Amino acid sequence: MRSPGILVISHGSREPYWVEQVDQAVAKLHIPKDIPVEVSFLETVKGRLIQDGIDHLEALDVTDLLVIPLFMSSGSTHVDEISYALGVKDAPDKETDLKPFRRKARVHFGSPLDDGEDVARMVWDKVRPLSVAPAKEVILLIGHGSVHNGFLQRWEQGISSLARTVQVVSGIRTDYALLNPESVYDKAAYWCQERGHDVMVAPLFLSSGYFTSRVIPKRLEGLEYRYSGEPLLPHPLLTTWMDRQICELMQGMQK
């Protein structure tokens, strides 16, 4: 008899608040009580690394791991190396120090956030308080990006699609920029200085931290813009997004 367990994997942080935000979102999942759930982190969070999560679930006789990669983009090198280390793919697209994990259970691997209406509504809910005169505003999504070939293209594909969906959801012109390779300053300057729009900055990060509080403001120095620094979490739609992922993985497991 097959017995599923849910493994939510995120990056991790030294900031307890960062970890708490992920834990709280996962705690609200709408799943049967007999399905165990573990939240694991790629690094930094001692005792809660990915191998710890696998071990805890397999100790409960889980036969199938439903893995939710809680990352912003398919362009993340971390998603690539984790899927490799879990045996989802034979080789990583980029060299990694991450070794294959010990596991017996079958792995059913979900998708990162990327785009879609749930994500777009989360972004808009965070930006909405900054909006004063929609007709002269632009929402600028800022993502981490990547300098690696292949990964950059995945980042651009996801964030450009998300920008289109945010524009539909909000009714406000939406564009995007990446920290890697750097396009943040130039894109913001184009909208505020050349086009005369009020720029509202939306950081595409799960939780508050170094990038939202320091890196993004530093890249925008000297420009006029509105920015609350609000990441996606906390937001109930992140739990809704995970619920949908789990439902799809459960259906796939039964095939």
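As a starting point, this report considers the structure included with it. Keep in mind the model is a prediction, meaning the values are calculated, not measured.

Conventions we followed
Residues numbered from 1 in each chain as written. Predicted model: local features only at pLDDT ≥ 70, side-chain atom pairs only at ≥ 80, totals over all residues. Heavy atoms only, no water. Helix = DSSP H or I, 4+ residues; strand = E, 2+ residues; numbered from the N terminus. Rg over C-alpha atoms; globule rule 2.2 N^0.38 Å. Buried < 20%, exposed > 50% of the residue type's maximum accessible area, 1.4 Å probe, protein only. Lys, Arg positive; Asp, Glu negative; His and termini not counted. Charge placed at Lys NZ, Arg CZ, Asp CG, Glu CD. Contact = heavy atoms within 4.5 Å. Pairing = 2+ DSSP bridges. Right-handed = clockwise from strand over helix to strand, strands pointing away. 1 Å grid on protein atoms, 1.4 Å probe; cavity = no way out; pocket = protein on both sides within 12 Å on 5 of 7 lines; lining within 4 Å. Points joined across faces, edges and corners; volume = space filled by probe spheres on them. Nonpolar A, V, L, I, M, F, W, Y, C, P; charged D, E, K, R; others polar. Axes fitted to C-alpha atoms, helices over the stretch in contact; angles between N-to-C directions.

### Observations concerning the overall build of the protein
Regarding its fold elements, the protein presents eight helices and seven strands. A compact globule built from 255 residues would reach a C-alpha radius of gyration of about 18 Å, and the protein, at 19 Å, matches this within 12%. Along the longest, intermediate and shortest principal axes, the C-alpha atoms of the protein span 60 × 35 × 35 Å. Among the 255 residues that make up the protein, the fraction classed as buried is 51%. The protein carries 28 positive and 34 negative side-chain charges, and their two centres are separated by 1 Å.

### A few points about unusual backbone geometry
Between N180 and the following residue, P181, the backbone shows a cis peptide bond with an omega angle of -10°. Positionally, P181 belongs in the loop between β6 (173-180) and α6 (184-194). Along the chain, L233 connects to P234 via a cis peptide bond; the corresponding omega equals 0°. Relative to the assigned elements, P234 resides in the loop between α7 (210-219) and α8 (236-253). The phi dihedral of D61 is positive, around 65°, even though this residue is not glycine. As for its position among the elements, D61 is in the loop between α2 (50-58) and β3 (64-69). Taking the relative accessible area as the measure of exposure, D61 reaches 61% and is therefore exposed. Phi is positive for D114, close to 55°, though the residue is something other than glycine. Counting through the fold element by element, D114 comes out in the loop between β4 (106-109) and α4 (117-127).

### Description of helix α3 (residues 77-85)
Three or more residues of α3 are buried, namely V79, D80, E81, I82, S83 and A85. Against the buried residues of α3 lie β1 (4-10), α2, β4 and α5 (151-170). In the segment just after α3, G87 is the residue with positive phi, at about 85°.

### Some points on the environment of F109
The topology assignment puts F109 in strand β4. It is 36 Å that separates the C-alpha atoms of F109 and K218, two residues lying 109 residues apart in sequence. Those residues in contact with F109 that lie beyond four places of it in its chain are V67, P69, V79, I82, S83, L86, V88 and L249.

### Thoughts on the pairing of β3
With six of six residues buried, β3 lies mostly within the body of the structure. Residues D64, L66 and I68 line one face of β3 and the alternating positions L65, V67 and P69 line the opposite face, and both faces are buried. The pairing of β3 with β4 spans four bridges and is parallel. Each residue of the ladder has a partner; that of V67, found in β4, is F109. As for the winding sense of the linkage, the β-α-β connection from β3 through α3 to β4 is right-handed.

### Comments concerning the layout of surface pockets
In this structure, the largest pocket occupies an estimated 820 Å³ of space. Taken together, 34 residues form the lining of the largest pocket, with H11, H78, H144, F205 and F211 sitting closest to its centre. For the lining of the largest pocket, the elements supplying multiple residues, two or more each, are α3, β5 (137-145) and α7. Within the lining of the largest pocket, the residues separate by chemical class into eleven nonpolar, 19 polar and four charged.

### Remarks on the sheet that holds β1
Paired through their backbone hydrogen bonds, the strands of a sheet run either parallel or antiparallel. The four strands are arranged β2-β1-β3-β4 in an open sheet whose pairing can be described as parallel. Only two strands of the sheet have a single partner each, and these edge strands are β2 (37-41) and β4. In this sheet, adjacent strand axes meet at a mean angle of 25° when their direction is disregarded. Contacting β1 and β2, helix α1 (residues 16-27) crosses the sheet at an angle of about 155° to β2.

### Quick notes on the environment of I6
Mapping I6 onto the fold places it in strand β1. Judged by relative accessible area, which is 0%, I6 ranks as buried. I6 sits 210 residues away from I216 along the chain, and the two C-alpha atoms are 33 Å apart. Apart from residues no more than four positions distant in its own chain, I6 is found in contact with I31, I35, P36, V37, E38, L57, L66 and I246.

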